[in-house]
2 protein chains.
Amino acid sequence: MKTRVYAAASASAPLAPSTIERRAVGPRDVQLDILFSGICHSDIHQVRAEWGKAAFPMVPGHEIVGRVTAIGAEVTKLAVGDLAGIGCLVDSCRTCTYCGEHHEQFCERGAAGTYNSTEMDRVTPTYGGYAQQIVVTEHFALKVPNNLAPAGVAPLLCAGITTYSPLRQFDCKPGTRVGVVGLGGLGHMAVKIAAAMGAEVTMLSTSQSKQADATRLGAVDFGLTSDPATFTRLAGRYDLLIDTVSAKHDYGAYLKLLRPFGTMVCVGAPPEPSLMSAFSLIGGNKRIAGSAIGGIRETQEMLEFCSQHNLVADVEVIAARQINEAYERTIKGDVRYRFSIDATTFAD
Amino acid sequence: MKTRVYAAASASAPLAPSTIERRAVGPRDVQLDILFSGICHSDIHQVRAEWGKAAFPMVPGHEIVGRVTAIGAEVTKLAVGDLAGIGCLVDSCRTCTYCGEHHEQFCERGAAGTYNSTEMDRVTPTYGGYAQQIVVTEHFALKVPNNLAPAGVAPLLCAGITTYSPLRQFDCKPGTRVGVVGLGGLGHMAVKIAAAMGAEVTMLSTSQSKQADATRLGAVDFGLTSDPATFTRLAGRYDLLIDTVSAKHDYGAYLKLLRPFGTMVCVGAPPEPSLMSAFSLIGGNKRIAGSAIGGIRETQEMLEFCSQHNLVADVEVIAARQINEAYERTIKGDVRYRFSIDATTFAD
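Residues numbered from 1 in each chain as written. Chains lettered and ligands numbered in written order. Predicted model: local features only at pLDDT ≥ 70, side-chain atom pairs only at ≥ 80, totals over all residues. Heavy atoms only, no water.

Trainee: Is there a simple way to explain the side chain of Asp314 of chain A in this structure?
Mentor: Residue and element names in this part refer to chain A. Take Asp314: it is sitting in the loop between helix 10 (296-308) and strand 19 (315-318). Look at Asp314 and you get buried, because its relative accessible area is 17%. Ignoring any residue separated from it by four or fewer positions in sequence, one finds Asp314 in contact with His188, Lys192, Arg216, Leu217, Arg336, Tyr337 and Arg338. (Helix = DSSP H or I, 4+ residues; strand = E, 2+ residues; numbered from the N terminus. Buried < 20%, exposed > 50% of the residue type's maximum accessible area, 1.4 Å probe, protein only. Contact = heavy atoms within 4.5 Å.)

Written as structure tokens, this is what we have:
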């Protein structure tokens, strides 16, 4: 099947309309008519070859929500007409230790990414969600609850699970004191989800202008991190910090905000290494952790959590022709808080 | 009561015989005749004012084992004639959250260190274990099992608990794959304790000459970390790394040795910050943690564990007059694996 997409021909080319071929629906495949595709900052890094390996033509997009239009004979998870989602992964070996533990993102053979990757045959390129249609093996399709607005569901498939997973890993629960560092696509999801889990959330931002939004999203406190006094006022306060910042910053300063045995989780990754002193961890048995998206089981759990709490991303819906402009605005942080592409406009 | 000690008059002075006054035994105090005092590398850092605040005269020593010679009227934990130990702490507020959680080392008011510190009055200086006698409030005295050689028990009070605690925090159990980085005072205890917990222990050392000892201490594998091929061979292998190295090293290289969700615990602290990339944590949901000694309850638990496993530090017993020479040998790593001072020689 041919499908209309937006693709980049090279690392220096803008995204432009194109057509690709999707595989025929196999016995365990589902085919979606895509409704919305979120724009993740990592799309920009990859399409501009800023993160190493970049295969062209590239069709970005790993925050996908759509409606099932065809299923293979052996498919049981989804039916034609269902809403479905696809995140950052489209396949894995499904036999290794980590696949067995439901952490397909750490598949020992290397999982198949939704784009800028290959299928498990290591040959067939994968193309992402900036497209009218997509075909995926059912294990990697998520069931999307019907009570959520699809445009805001799309970003849950990456930004949502990326913040939900560390909150679960580090036992966020009613009364947990959570600081969210940075209010962008990831940060706004972290605030919403942590607040829905019952945590007492503080937004830590370099920009005073974010305070009103942070409050609206569910934060009960705000710390202006461009003011050194904030680090004194909030010292030793947090059980958990979710650090969404991908610009270089001083981990040691943030570690001081943790109480003993507290954890700071990095979900944003500065391009260059940061200095870190072991002393800042040892005093107070503190921890720094990384967290990469989540497995399929946990992603499904996240969608059900969001359904129960009627929680989606704040999105600005755009047409396909606005993608390149949206990239520039994403880089400037000029979006509250995620662009969601109306996938019907790929047909234009 | 006057007691003979070895003290430093200044940061540049060698340790020399001296006499200090110990307080009278209060209703909740115990008095010990010290049998052995371990030499911890941090004694050297502190006595040479390499770690900031240094109060002189300084009597180092926080790895103390002795016999109870007097108790206050209200003491119930120990009796005259019992073996007792004292570690890095001699008091804390005992009312704050962290004291209540049995983590006195993180007392919100600041715990009283065994030396180079003050009692909780913030005025009375504390003097450590390079001494004939010491008086301590019973809560901070540990019960020392009778089946262990006291000379080797002394280092358990710091090196022992410093390695036992992170092994417990991160759930070391039969079959856990533990890598111990560096074979010195801390490293040799980490190998012994992890092996006694049933872990599959690898010694990771820059020095091939440590392999035979590592095997004797309980390691089943050895990785020569000066050989880059070691990092390929052992990639993704460990659930837990106990990093005892206090010289600057590349955390990223060691993080690659962890399996997904694995933790590297720093118990050695390089004097300068190290570069660390968030990417090295995010790929595999890895964690870096710090760990500082342990609370009194956990230290008692550690002593009982060591008793059950008939496990003490490997020590070279020295007389008080050999302390300065032992310091030089400790700096060179020329001790297998801890000096233990025969405290009867402070009387000489």
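Trainee: What am I meant to see in the state of the cysteines here?
Mentor: Should the sulfur atoms of two cysteines be covalently bonded, the bond is a disulfide. If you walk through the whole model with that rule in mind, you get 0 disulfides over all chains. For the unlinked cysteine Cys99 of chain A, the closest cysteine sulfur is that of Cys96 of chain A, found at 3.7 Å. Cys158 of chain B takes part in no disulfide bond, and the closest cysteine sulfur, belonging to Cys88 of chain B, lies 3.9 Å away. Judged by its relative accessible area of 7%, Cys158 of chain B falls in the buried class. (Disulfide = S-S within 2.5 Å.)

Trainee: What should I look at first to understand empty space enclosed by the protein in this one?
Mentor: Empty space among the atoms becomes visible once a probe the size of a water molecule is rolled across them. All names here are of chain B. With the rule as written, the count across this model stands at 2 cavities of 30 Å³ or more. By volume, the largest cavity amounts to about 80 Å³. Class assignment of the residues belonging to the lining of the largest cavity gives a composition of 8 nonpolar, 4 polar and no charged. There is about 60 Å³ of room inside the second largest cavity. Lining the second largest cavity are Gly87, Cys88, Leu89, Leu142, Leu157, Ile161, Ile293, Gly294, Ile296 and Thr299. For the lining of the second largest cavity, the class distribution of residues is 7 nonpolar, 3 polar and no charged. (1 Å grid on protein atoms, 1.4 Å probe; cavity = no way out; pocket = protein on both sides within 12 Å on 5 of 7 lines; lining within 4 Å. Points joined across faces, edges and corners; volume = space filled by probe spheres on them. Nonpolar A, V, L, I, M, F, W, Y, C, P; charged D, E, K, R; others polar.)

Trainee: Explanation requested: the pairing of strand 18 (residues 287-290) of chain A in the structure shown.
Mentor: Regular strands place their side chains on alternate faces of the sheet. Because side chains alternate across strand 18 of chain A, one face comprises the buried residues Arg287 and Ala289 of chain A, and the other comprises Ile288 and Gly290 of chain A, equally buried. Bridge count between strand 16 (residues 258-266) of chain A and strand 18 of chain A: 4 bridges; the pairing is parallel. Looking at strand 18 of chain A, one finds that Val265 of chain A is bridged to Ala289 of chain A. Of the pairings in the sheet, the one linking strand 18 of chain A to strand 18 (residues 287-290) of chain B comprises 3 bridges and is antiparallel in character. Its bridge partner being in strand 18 of chain B, Ala289 of chain A is matched across the sheet by Arg287 of chain B. (Pairing = 2+ DSSP bridges.)

Trainee: Would you take a moment to explain the packing of helix 4 (residues 159-169) of chain B against helix 10 (residues 296-308) of chain B for this structure?
Mentor: Geometrically, a packed helix pair is captured by the angle between its two axes and the distance between the axes. Residues and elements named next belong to chain B. With their axes 10 Å apart at the nearest point, helix 4 and helix 10 run at an angle of 95° to one another. In terms of orientation, helix 4 lies roughly perpendicular with respect to helix 10. Contact residues: Gly160, Ile161, Tyr164, Ser165 and Arg168 in helix 4; Glu298, Thr299, Glu301, Met302 and Phe305 in helix 10. (Axes fitted to C-alpha atoms, helices over the stretch in contact; angles between N-to-C directions. Parallel < 35°, antiparallel > 145°, perpendicular 65-115°, else oblique.)

Trainee: Help me understand the domain arrangement of chain A, please; the structure alone is not making it clear to me.
Mentor: Residue and element names in this part refer to chain A. The domains assigned to chain A are domain 1 (2-158 + 294-347) and domain 2 (161-290). Of note, the centres of domain 1 and domain 2, computed from C-alpha atoms alone, are 27 Å apart. Contacts between the two partners involve 17 residues from domain 1, matched on the other side by 19 residues from domain 2. The junction of domain 1 with domain 2 conceals about 1700 Å² of combined surface from both sides, 57% of it contributed by carbon and sulfur atoms. One can count 4 salt bridges joining domain 1 with domain 2. (Domains from an automatic or database assignment. Buried area = accessible area lost by both parts, 1.4 Å probe. Salt bridge = Lys/Arg side-chain N within 4 Å of Asp/Glu carboxyl O.)

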